[in-house]
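Here is how the chains run, residue by residue.
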Protein chains: 2
Amino acid sequence: MECPLCVINRNELIWQDERCCVIPGNDPDYPGYFRVVWGEHVSEMSDLDARARRHFMDVVFAVESSLRALMVPDKINLASFGNKVPHLHWHVIARFADDRHFPESIWGQEQRQVPTRKAPSYAALAARISFDLAQISVSC
Amino acid sequence: MECPLCVINRNELIWQDERCCVIPGNDPDYPGYFRVVWGEHVSEMSDLDARARRHFMDVVFAVESSLRALMVPDKINLASFGNKVPHLHWHVIARFADDRHFPESIWGQEQRQVPTRKAPSYAALAARISFDLAQISVSC
């Protein structure tokens, strides 16, 4: 079976550099849900060398801080599973105390039905990710 | 309410340095489940500076690679939620294709009942984590 993360739909790309990209989570209950996808088909973080891992996580944390700035969520959730699609990708999810599963993970027991929040502007998110990454490279 | 991760039971400590520690996940279905807990009471990764974040993730990935070496799992799962206990901690879980929830996350729908695997030796895990961290500091 072809790996669905080896081919990213260009229309979905929110941000990218030469090593990874950011795409929407596409869950109507979670407009603040994004995925950071590694370019190469690799299954575990410890398959990457330390520098590649650090870059990948810098992007994950830039998405986190951008979502905090743009959506002011109650919590950020981060996860890398890959049990179904073993191609490295991080889930970055802005969580709200009144969202569908809070305080459970979004893969847990539903707690309530809630109206959909507004997604952040993808252009604003991309700009903020680039800004945050520039800050990190200055500080390290 | 007192934060349960601000006070770690010394008997549970598998590995520690001056900034974080590794404790068991204490889930009988998941003997390869460990938590990496940040020392200070901080709720989001983006509340840490870039250097602290990188150190924290280096430890998370050292636990990952140690579990891969000691247990040879089918997949590693990593997650940081903190919806219930907003004190930074990472879940590092060795997953097996025949475990209780695979391919779902361990917070998802149960798939089967399975006998418990053997946990790795905590002394071997601690030694391997220290070894892996030393490798990373040499390579960066």
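The structure we're discussing is the one just above.
One structure accompanies this document, and this report is about it.

**Re unusual backbone geometry**
Part 1 of the argument: Looking along the chain, the bond that leaves Phe102(A) and enters Pro103(A) is cis, with omega of 5°.
Part 2 of the argument: Take Pro103(A): it is sitting in the loop between strand S5 (89-95) and helix H2 (122-139).
Part 3 of the argument: Positive phi, normally seen in glycine, also occurs at Asn26(B), with a value near 55°.
Part 4 of the argument: The phi angle at Val72(B) is positive, at roughly 50°, despite the residue not being glycine.
Part 5 of the argument: Here Val72(B) is to be found in the loop between helix H1 (50-71) and strand S4 (75-80).
Part 6 of the argument: What makes Val72(B) exposed here is its relative accessible area of 62%.

**Details of the nonpolar core**
Part 1 of the argument: Ranked by size, the top nonpolar core spans 66 residues in total, and within it Val36(A), Phe56(A), Trp90(A), Val36(B), Phe56(B) and Trp90(B) carry the most contacts.
Part 2 of the argument: Residue contacts for Phe56(B): discarding those within four places in its chain leaves Cys20(B), Val36(B), Val37(B), Trp38(B), Met45(B), Leu48(B), Leu88(B), His89(B) and Trp90(B).

**Quick look at the interface of chain A and chain B**
Part 1 of the argument: Taken together, the contacts link 37 residues of chain A with 37 residues of chain B.
Part 2 of the argument: In terms of surface lost to chain B, no three residues of chain A exceed Arg54(A), Lys75(A) and Asn83(A), which account for 19% of the buried area on that side.
Part 3 of the argument: Linking chain A with chain B are eight salt bridges, by the criterion used here.
Part 4 of the argument: The residue Arg68(B) makes a salt bridge to Asp47(A) at a minimum N-O spacing of 2.9 Å.
Part 5 of the argument: Our count for the chain A to chain B interface comes out at 28 residue pairs in polar contact (both at pLDDT 80 or more).
Part 6 of the argument: For the side of chain A that touches chain B, the elements supplying multiple residues, two or more each, are helix H1 (50-71), strand S4 (75-80), S5 and H2 of chain A.
Part 7 of the argument: No other element matches the 10 residues that H1(A) contributes to the side of chain A that touches chain B.
Part 8 of the argument: For the side of chain A that touches chain B, the per-class residue count stands at 14 nonpolar, 10 polar and 13 charged.

**Quick word on the pattern of salt bridges**
Part 1 of the argument: Summed over the entire model, instances satisfying the criterion amount to 20 salt bridges over all chains.
Part 2 of the argument: Measuring nitrogen to oxygen at the nearest pair gives 2.8 Å for the salt bridge that ties Lys75(B) to Glu44(A). Here Glu44(A) lies in the loop between strand S3 (33-38) and H1 and Lys75(B) lies in strand S4, a pairing that spans two chains. Residue Lys75(B) shares its accessibility class with Glu44(A), and that shared class is buried.
Part 3 of the argument: Of the charged contacts in the structure, one is a salt bridge between Arg100(B) and Asp29(B), with a shortest N-O distance of 2.4 Å. You can see Arg100(B) sitting in the loop between strand S5 (89-95) and helix H2 (122-139) and its partner Asp29(B) sitting in the loop between strand S2 (20-24) and strand S3 (33-38), a full 71 residues away along the chain.

**Side note on the pairing of S2(B)**
Residues and elements named next belong to chain B.
Part 1 of the argument: Most of S2 sits inside the fold, with five of its five residues counted as buried.
Part 2 of the argument: Neither face of S2 is exposed, since Cys 20, Val 22 and Pro 24 on one face and Cys 21 and Ile 23 on the opposite face are all buried.
Part 3 of the argument: As paired elements, strand S1 (residues 15-16) and S2 share two bridges and run antiparallel to each other. Note on S2: the bridge partner recorded for Gln 16 is Cys 21.
Part 4 of the argument: Following S1, the chain reverses through three residues before pairing antiparallel with S2.
Part 5 of the argument: As judged from the five bridges shared by S2 and S3, these two strands associate in the antiparallel manner. By the bridge assignment, Cys 21 is partnered in S3 with Val 37.

About the cut-offs
- Residues numbered from 1 in each chain as written.
- Chains lettered and ligands numbered in written order.
- Predicted model: local features only at pLDDT ≥ 70, side-chain atom pairs only at ≥ 80, totals over all residues.
- Heavy atoms only, no water.
- Helix = DSSP H or I, 4+ residues; strand = E, 2+ residues; numbered from the N terminus.
- Buried < 20%, exposed > 50% of the residue type's maximum accessible area, 1.4 Å probe, protein only.
- Core = buried A, V, L, I, M, F, W, Y, C linked by side-chain atoms within 4.5 Å.
- Contact = heavy atoms within 4.5 Å.
- Buried area = accessible area lost by both parts, 1.4 Å probe.
- Salt bridge = Lys/Arg side-chain N within 4 Å of Asp/Glu carboxyl O.
- Polar contact = N/O pair within 3.5 Å; in protein donor to acceptor, adjacent residues only side chain to side chain.
- Nonpolar A, V, L, I, M, F, W, Y, C, P; charged D, E, K, R; others polar.
- Pairing = 2+ DSSP bridges.

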